[in-house]
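# An overview of the molecular structure
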Amino acid sequence: MTDESSPTAGEADTRIRDTVSLTDRSPSITAAEIVAHLVPPRQFDGASLDNYRPDPGYPSQAEAVEAVRTFGDQATPARAGFFRRKAAVPKKLGLYLDGGFGVGKTHLLAALWHQTPGAAGSGTKYFGTFIEYTALVGAVGYRGAVAQLEGATLICIDEFELDDPGDTMIMTRLLGELADQGARIAATSNTPPNALGEGRFAAADFLREIQALSDRFRTLRIDGTDYRRREIEAHAIVTEELDRAIASARGVVSVDDFQAVVEHLSTVHPSKYVKLIDGIDTVALRDVGPLHDQMEALRFVAFVDRLYDAQVRVVASGLALDEVFGAEMLAGGYRKKYLRAMSRLVALTLL
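Residues numbered from 1 in each chain as written. Predicted model: local features only at pLDDT ≥ 70, side-chain atom pairs only at ≥ 80, totals over all residues. Heavy atoms only, no water.

### Notes on the sheet that holds strand β4 (residues 125-129)
Overall, parallel pairing links the 5 strands, which are arranged β4-β5-β6-β3-β7 in an open sheet. Looking along the sheet, the strands with just one partner apiece sit at the ends: β4 and β7 (217-222). The sheet shows a mean angle of 15° between the axes of neighbouring strands, taken without regard to direction. Looking at chain direction, strand β3 (residues 94-99) and β7 are connected through 6 bridges and run parallel. Each bridged residue has a counterpart across the sheet, and for G99 the counterpart in β7 is I222. The sheet contacts of helix α3 (residues 105-115) involve β3, β4, β5 (154-158), β6 (184-189) and β7, and relative to β5 the element is tilted by about 165°. (Pairing = 2+ DSSP bridges. Helix = DSSP H or I, 4+ residues; strand = E, 2+ residues; numbered from the N terminus. Axes fitted to C-alpha atoms, helices over the stretch in contact; angles between N-to-C directions. Contact = heavy atoms within 4.5 Å.)

Right, here's the structure in full:
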């Protein structure tokens, strides 16, 4: 799909030609700033159980609404202990929503966060992707992450994945320690928890870690139409006249060569990507080409996630952005990450 964007008559006075370069930015971020961003993405600011619309053709969606409502209404056991056996403590202190893309898992998770008492930044509830929590650990260390999240009553984890056994074991330990302090855990994933990592890693002790984590969640499958699959059948817009698109964009626009951005991401810790795009309204990428290195591709996925959360428009020339991941990558263990990024890139070029 191509686009030839240009300003229309009368728009010149309201449009700004404020351009920056991502590669000129070397942001810093404190632990407190990282934690402050552990809130639902802005598109879910108004998410509630009341404005989630279950599809009558999929009864599991209505069941999920009631499960989240019940979980949110339950009082948090005071210092109950996630792994302790006490008569007054329910066995399941976690809720796990499993389903495909586009069935409303993130909406329900955000609704739970909003329903839970405590203001954003109060230190009582957190919402982030699996990658954001592991980035916090990578930035401040394990003990530093525990200290930042200590005292939480609710930890929401969107898109729980097991792409890296080390990250998974760290998260298992982190969640166990926080829950021992009284936190309750709610998570989403595209795979049932007792199957996460199955067929990917053979280490018996690692599989035992996964099973131990699985045993502590009530798992609920959400069926439904996968709108992201429909999006992937389309393509990200390729802007043939990029300079005109940049000139017509509102607000602050970053302008960079695609490969330069890919290389720059290797110099910035993923926890800082949120600051890398801070204040930017549109990201313009010149001469997009295929990604050949897996680490570069995974960093780009993390970057796309931050763009999507902030709803930053993307305009690009060259290869369609949803085609940067080659067939070999899409056939590998990170397929779901790449498919999610492809879907999000399509959506960002349509903003």
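That shown, we press on.
### Remarks on the packing of helix α10 (residues 258-265) against helix α12 (residues 294-310)
It is the contact of α10 with α12, at a shortest axis distance of 9 Å, that shows an interaxial angle of 95°. Looking at the two axes, α10 sits roughly perpendicular to α12. From α10, F258, Q259, V261, V262 and L265 reach across to α12, where they touch E296, R299, F300 and F303. Looking at the contact of α10 with α12 residue by residue, the class counts come to 6 nonpolar, 1 polar and 2 charged. (Parallel < 35°, antiparallel > 145°, perpendicular 65-115°, else oblique. Nonpolar A, V, L, I, M, F, W, Y, C, P; charged D, E, K, R; others polar.)

### What to know about the pairing of strand β9 (residues 252-257)
Pairing of strand β2 (residues 18-20) with β9, which is carried by 3 bridges, proceeds in the parallel orientation. In the sheet register, T19 faces β9, and the bridge partner there is V253.

### Points about the layout of surface pockets
If a probe the size of a water molecule is rolled over the atoms, the empty space left behind becomes visible. Considered as a void within the structure, the largest pocket measures approximately 930 Å³ in volume. Elements with a contribution of two residues or more to the lining of the largest pocket: α3, β4, β6, α8 (227-232), α11 (273-276), α12 and α14 (335-349). Top contributing element to the lining of the largest pocket by residue count: α12, with 4 residues. For the lining of the largest pocket, a count of residues per class yields 15 nonpolar, 16 polar and 15 charged. (1 Å grid on protein atoms, 1.4 Å probe; cavity = no way out; pocket = protein on both sides within 12 Å on 5 of 7 lines; lining within 4 Å. Points joined across faces, edges and corners; volume = space filled by probe spheres on them.)

### A word on unusual backbone geometry
Positive phi values are uncommon outside glycine, yet D287 reaches one of about 55°. Assignment of secondary structure puts D287 in strand β10 (residues 282-288). Taking the relative accessible area as the measure of exposure, D287 reaches 58% and is therefore exposed. For Q311, which is not glycine, the phi dihedral falls at a positive 55°. Residue placement: Q311 occurs in the loop between α12 and β11 (313-318). (Buried < 20%, exposed > 50% of the residue type's maximum accessible area, 1.4 Å probe, protein only.)

### A look at α10
Burial in α10 covers these residues: F258, V261, V262, H264 and L265. Take α10 and look down its axis: the buried residues cluster within an arc of 165°, on one side only. Buried residues along α10 sit against β9, α11, β10 and α12. (Arc of directions from axis to C-beta.)

### Section: the nonpolar core
Counting 42 residues, the largest nonpolar core has F258, L285, L291, F300, F303, L321 and F325 as its most contacted members. Going through the elements one at a time, α10, α11, β10, α12, β11, α13 (327-330) and α14 are the ones with two or more residues in this core. The biggest single contributor to this core is α12, with 9 residues. Those residues within four positions of L291 in sequence are excluded, and the remaining contacts are F258, V262, E296, A297, F300, V324, F325 and M329. (Core = buried A, V, L, I, M, F, W, Y, C linked by side-chain atoms within 4.5 Å.)

### Quick look at the sheet that holds β2
The strand order across the open sheet built from 4 strands is β2-β9-β10-β11, with neighbouring strands paired in parallel fashion. At either end of the open sheet lies a strand with only one pairing partner, and these are β2 and β11. Averaged over neighbouring strand pairs, the angle between their axes works out to 25° when direction is ignored. In this structure, β9 lies alongside β10, joined through 5 bridges in parallel fashion. The partner of V253 across the bridge, within β10, is T282.

### Examining the pattern of salt bridges
Think of it this way: side chains of opposite charge can pair up when their charged atoms draw near. Scanning the entire structure with this criterion turns up 13 salt bridges. One salt bridge connects D243 with R286, and the closest N-O pair in it is separated by 2.8 Å. One end of the pair, D243, is in helix α9 (residues 242-248); the other, R286, is in strand β10, and 43 residues separate them in sequence. Given the relative accessible area of 27%, R286 is considered partly exposed. A salt bridge links R344 to D305; the nearest nitrogen and oxygen atoms lie 2.8 Å apart. Of the two residues, R344 is situated in helix α14 and D305 in helix α12; the sequence distance between them amounts to 39 residues. You can call R344 buried: its relative accessible area is 5%. Exposure remark for D305: the relative accessible area of 1% places this residue in the buried category. One network of salt bridges, with partners in common, ties together E159, D305, R340 and R344. (Salt bridge = Lys/Arg side-chain N within 4 Å of Asp/Glu carboxyl O.)

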